[in-house]
Amino acid sequence: MTDTPTACLALADGTIFYGRGFGSTGQTVAELCFNTAMTGYQEIMTDPSYAGQIVTFTFPHIGNTGVTPEDDETTEPVADGMVVKWDPTAPSNWRATEELTAWLTRRGRIGIGGIDTRRLTRAIRQQGAPHVALAHDPDGNFDIAALVQAARDFEGLVGRDLAKDVTCAQSYRWNEMRWAWPDGYAPQTAPKHKVVAIDFGAKRNILRCLASAGCDVTVLPATATAEEVLALDPDGVFLSNGPGDPAATGAYAVPMIKGVLDRDLPVFGICLGHQMLALALGAQTIKMNHGHHGANHPVKDNDTGKVEITSMNHGFTVDTQSLPKSVIETHVSLFDGSNCGIRLADRPVFSVQYHPEASPGPQDSYYLFERFAAAMADRAA
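Residues numbered from 1 in each chain as written. Predicted model: local features only at pLDDT ≥ 70, side-chain atom pairs only at ≥ 80, totals over all residues. Heavy atoms only, no water.

Visitor: What is the right way to look at the overall build of the protein in this model?
Guide: Looking only at helices and strands, one finds 10 helices and 19 strands in the protein. Over its C-alpha trace the protein gives a radius of gyration of 21 Å, about what one expects of a compact globule, namely 21 Å for 381 residues. If one aligns the C-alpha atoms of the protein with their principal axes, the spans along those axes are about 70 × 45 × 40 Å. Across the 381 residues of the protein, 57% fall into the buried class. Sequence separation of 24 or more characterises 74% of the internal contacts of the protein that already satisfy a separation of 6 or more. As presented, the protein carries roughly 15600 Å² of accessible surface, and 48% of it is formed by carbon and sulfur atoms. Side-chain charges in the protein split into 30 positive and 44 negative, and the spacing between the mean points of these groups amounts to 4 Å. (Helix = DSSP H or I, 4+ residues; strand = E, 2+ residues; numbered from the N terminus. Rg over C-alpha atoms; globule rule 2.2 N^0.38 Å. Buried < 20%, exposed > 50% of the residue type's maximum accessible area, 1.4 Å probe, protein only. Contact = heavy atoms within 4.5 Å. Areas by Shrake-Rupley, 256 points an atom, 1.4 Å probe, with all protein chains shown as cover. Lys, Arg positive; Asp, Glu negative; His and termini not counted. Charge placed at Lys NZ, Arg CZ, Asp CG, Glu CD.)

Visitor: How do you make sense of the sheet that holds strand β3 (residues 26-35) when you look at a structure like this?
Guide: Either a parallel or an antiparallel arrangement is found when strands of a sheet pair, and the pairing is made through backbone hydrogen bonds. Taken together, seven strands build a closed barrel; the order of strands is β1-β2-β6-β5-β4-β3-β7 and the barrel is mixed. Taking the axes of each pair of neighbouring strands and ignoring which way they run, one obtains an average angle of 35° across the sheet. Of the strand pairs in this sheet, strand β1 (residues 7-11) and strand β2 (residues 16-23) are connected by four bridges, and their pairing is antiparallel. Within the sheet, the bridge partner assigned to Ala-10 lies in β2 and is Ile-16. Helix α2 (residues 100-107) rests against β2 and β5 (81-83) of the sheet, and its axis sits at about 90° to β2. In the packing of helix α3 (residues 117-127) onto the sheet, contacts are made with β1, β2, β3, β4 (53-57) and β5, and the angle to β3 comes to roughly 75°. (Pairing = 2+ DSSP bridges. Axes fitted to C-alpha atoms, helices over the stretch in contact; angles between N-to-C directions.)

Visitor: Just checking my understanding: could you explain the packing of aromatic side chains for this structure?
Guide: Here a ring pair, both rings aromatic, is described through the centre-centre distance and the interplanar angle of the planes. A complete count under the given rule lists seven aromatic pairs for this structure. On the basis of an interplanar angle of 80° and a centroid distance of 5.6 Å, the ring pair of Phe-268 and Phe-369 is categorised as edge-to-face. Of the two residues, Phe-268 is situated in strand β14 (residues 267-270) and Phe-369 in helix α10 (residues 367-380); the sequence distance between them amounts to 101 residues. Taking the relative accessible area as the measure of exposure, Phe-369 reaches 0% and is therefore buried. Chaining the aromatic ring pairs together yields one cluster made of Phe-238, Phe-268, Phe-350, Tyr-366, Phe-369 and Phe-372. A cation over a ring is seen here: Arg-178 above Tyr-366, with NZ or CZ 4.0 Å from the ring centre. Positioned above the aromatic ring of Tyr-185 is the side chain of Arg-208, whose terminal nitrogen or guanidinium carbon lies 4.0 Å from the ring centre. (Phe/Tyr/Trp six-rings, centres within 6.5 Å; stacked < 30°, edge-to-face > 60°. Lys NZ or Arg CZ within 6 Å of the ring centre and 35° of its normal.)

Visitor: When you look at a nonpolar patch on the surface in this model, what are you seeing that I'm missing?
Guide: There is a patch of nonpolar side chains on the surface, built from Trp-94, Trp-179 and Trp-181 and spanning about 480 Å² of accessible area. Tracing the sequence through the fold places Trp-181 in the loop between β9 (176-180) and β10 (184-187). In this structure Trp-181 comes out as exposed when scored by relative accessible area, which is 66%. (Patch = residues over 30% accessible without salt bridge, like charges linked within 9 Å, V, L, I, M, F, W, Y side chains within 5 Å. Salt bridge = Lys/Arg side-chain N within 4 Å of Asp/Glu carboxyl O.)

Visitor: Help me understand unusual backbone geometry, please; the structure alone is not making it clear to me.
Guide: Peptide bonds are trans in most cases, and residues, glycine excluded, mostly fall at negative phi. Residues Trp-181 and Pro-182 are joined by a peptide bond in cis, for which omega reads 0°. Mapped onto the elements of the fold, Pro-182 is located in the loop between β9 and β10. Across the junction of Gly-361 and Pro-362, the peptide omega takes the value 5°, indicating a cis bond. One non-glycine residue, Asp-233, adopts positive backbone phi at about 50°. Inspection of the secondary structure puts Asp-233 in the loop between α7 (226-230) and β13 (236-239). Given the relative accessible area of 54%, Asp-233 is considered exposed. Look at Cys-271: it is not a glycine, yet its phi comes out positive at around 60°. Mapped onto the fold, Cys-271 is located in the loop between β14 and α9 (272-280).

Here it is as structure tokens:
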């Protein structure tokens, strides 16, 4: 860099990256991950699964489509910050209502540009997701020793229940369906199935996909009990995505899921919901070296042999070796062989590690919502 750095990224091992700050000023500490998606930076920043994390974008053109409220996955950004190669540019998109830098400033999120993201991504792959401190000061004044110490003091994600931080405060109904030209988001006016969705950090587009599949959706907080779920007399139960350590969230979520399973209801889980279901069925979860974050992850369906291009965002995974004999592994990652899906052999209970609602492929995985709807229809027949 030839100009004075206005932002600094400090890793816990003492490595320092200087760059140009944008968005909010100040300092934050988090786990650092990288995302390989070429689009969707706004959806990524507002995905509740990124709580406690800063995202390095491997694709350099960040900011070129601006932001629009329609693309928020939740009310406020959840990722703590962003790291990019090139400074965000002015938007060139007819849907844009605001520039990314202004949006980040207004939402209190820090960005750093001018970073060698290839070098940073290689470091994450080789050494694991590091703890970091990110600071933005327009005057370029940084206490490097204090930043490194802050990164070292970060407690990390293992053992942390972050679902409680991002879940809804109270129950609510959802009827908005997927975006379609030219009307945008239309309401579901003729639902066929009553679904209770447990919000561990649910993305809005998951709820839209449920509504588009014919579901009348009631969303409950992550701490809902089995009694509260069953009191709504649902045709099926959905377990959402979310952040943090599955084992920590499972302390209260697993008993709820077991109570639902005792009623023989169709159950469908995504991401953290997948991990919660696996824990309830007797499996275990483990922390990954650097996780899976991107929109181009190939996953093999063991039942059909087909390969789906999927969107992923998770730093923990279900330990395949811990799956009970009653649980069938349905999907595996073609990157590293890790578990990406399970089901029970004799009941409509299934889940996937990836995000079918994020339009990867672009529609390779939407059949999962249709499968859930079909299971509820069969039960009602």
